[in-house]
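# Structural description and commentary
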Amino acid sequence: MEFKDDDKRIYVVNEAGQEMGQMIYENHDDHNRIHVTHTFTNKEFQGQGLAGKLLDQMVKKAEKENKKITTTCSYVERKFDQESEKYQHVMG
């Protein structure tokens, strides 16, 4: 499994090159934030924790770029609410 970032989304592909899931975002450099709009896991790969792994990659990106994460994605909103201590440092 490999994570990739094309400046619009972080996505994950398996060894066969098949896309497994993605987290779509917008860069807002003027406000030092990344806005996550959507998280999607392809049906055949659901239940493997990929959404959480995509969020982990997004957190690493925000930390590396010294940005905060804002979101309208229901998955990310839920994770931020459930685990606010874990994500407090990147929540915008």
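The structure this text deals with has already been given above.
For the structure given in this document, a descriptive report is provided here.

Let's shift gears to the overall build of the protein chain. Helices and strands together make up the secondary structure of the protein chain, namely three helices and five strands. Reading the protein chain from its N terminus to its C terminus gives the helix and strand order β-β-β-β-α-β-α-α. The C-alpha radius of gyration of the protein chain comes to 13 Å, within 12% of the 12 Å expected for a compact globule of 92 residues. Taken along the three principal axes of its C-alpha coordinates, the protein chain extends 35 × 25 × 20 Å. The contacts of the protein chain with a sequence gap of at least 6 include a subset with a gap of at least 24, amounting to 45%.

This brings us to the pairing of strand β1 (residues 2-5). Note that β1 and strand β2 (residues 9-13) share four bridges and pair antiparallel. Paired with D5 across the bridge in β2 is I10. As consecutive antiparallel partners, β1 and β2 are separated by three residues, and within that stretch D7 has a phi angle of approximately 70°, a positive value.

This part covers the sheet that holds β2. Spatially, β1-β2-β3-β4-β5 is the arrangement adopted by the five strands of the open sheet, whose pairing is mixed. The strands lining the two open edges of the sheet, one partner per strand, are β1 and β5 (68-71). Recorded for the sheet is a direction-independent mean angle of 30° between the axes of neighbouring strands. Of the pairings in the sheet, the one linking β2 to strand β3 (residues 19-28) comprises five bridges and is antiparallel in character. Looking across to β3, one finds that I10 is bridged to M23.

Each aromatic ring pair is summarised here by two numbers: the centre-to-centre distance and the angle between the ring planes. Applying the stated rule across the entire model yields one aromatic pair. Ring plane angle 40° and centroid distance 5.4 Å describe the contact between F80 and Y87, whose orientation is recorded as tilted. Y87 shares its class with F80; the two are buried. The positively charged end of R9 is found above the aromatic ring belonging to Y11, 3.9 Å away from the centroid.

The next thing to look at is the side chain of T39. Mapped onto the elements of the fold, T39 is located in strand β4 (residues 33-41). In this view, T39 contacts Q22, M23, A51, L54, C73, Y75 and V76; residues no more than four positions away in its chain are not counted.

Turning our eyes to something else, we now look at unusual backbone geometry. Although it is not a glycine, D7 sits at a positive phi angle of roughly 70°. Within the fold, D7 resides in the loop between β1 and β2.

Basis of the calculations
- Residues numbered from 1 in each chain as written.
- Predicted model: local features only at pLDDT ≥ 70, side-chain atom pairs only at ≥ 80, totals over all residues.
- Heavy atoms only, no water.
- Helix = DSSP H or I, 4+ residues; strand = E, 2+ residues; numbered from the N terminus.
- Rg over C-alpha atoms; globule rule 2.2 N^0.38 Å.
- Contact = heavy atoms within 4.5 Å.
- Pairing = 2+ DSSP bridges.
- Axes fitted to C-alpha atoms, helices over the stretch in contact; angles between N-to-C directions.
- Phe/Tyr/Trp six-rings, centres within 6.5 Å; stacked < 30°, edge-to-face > 60°.
- Buried < 20%, exposed > 50% of the residue type's maximum accessible area, 1.4 Å probe, protein only.
- Lys NZ or Arg CZ within 6 Å of the ring centre and 35° of its normal.

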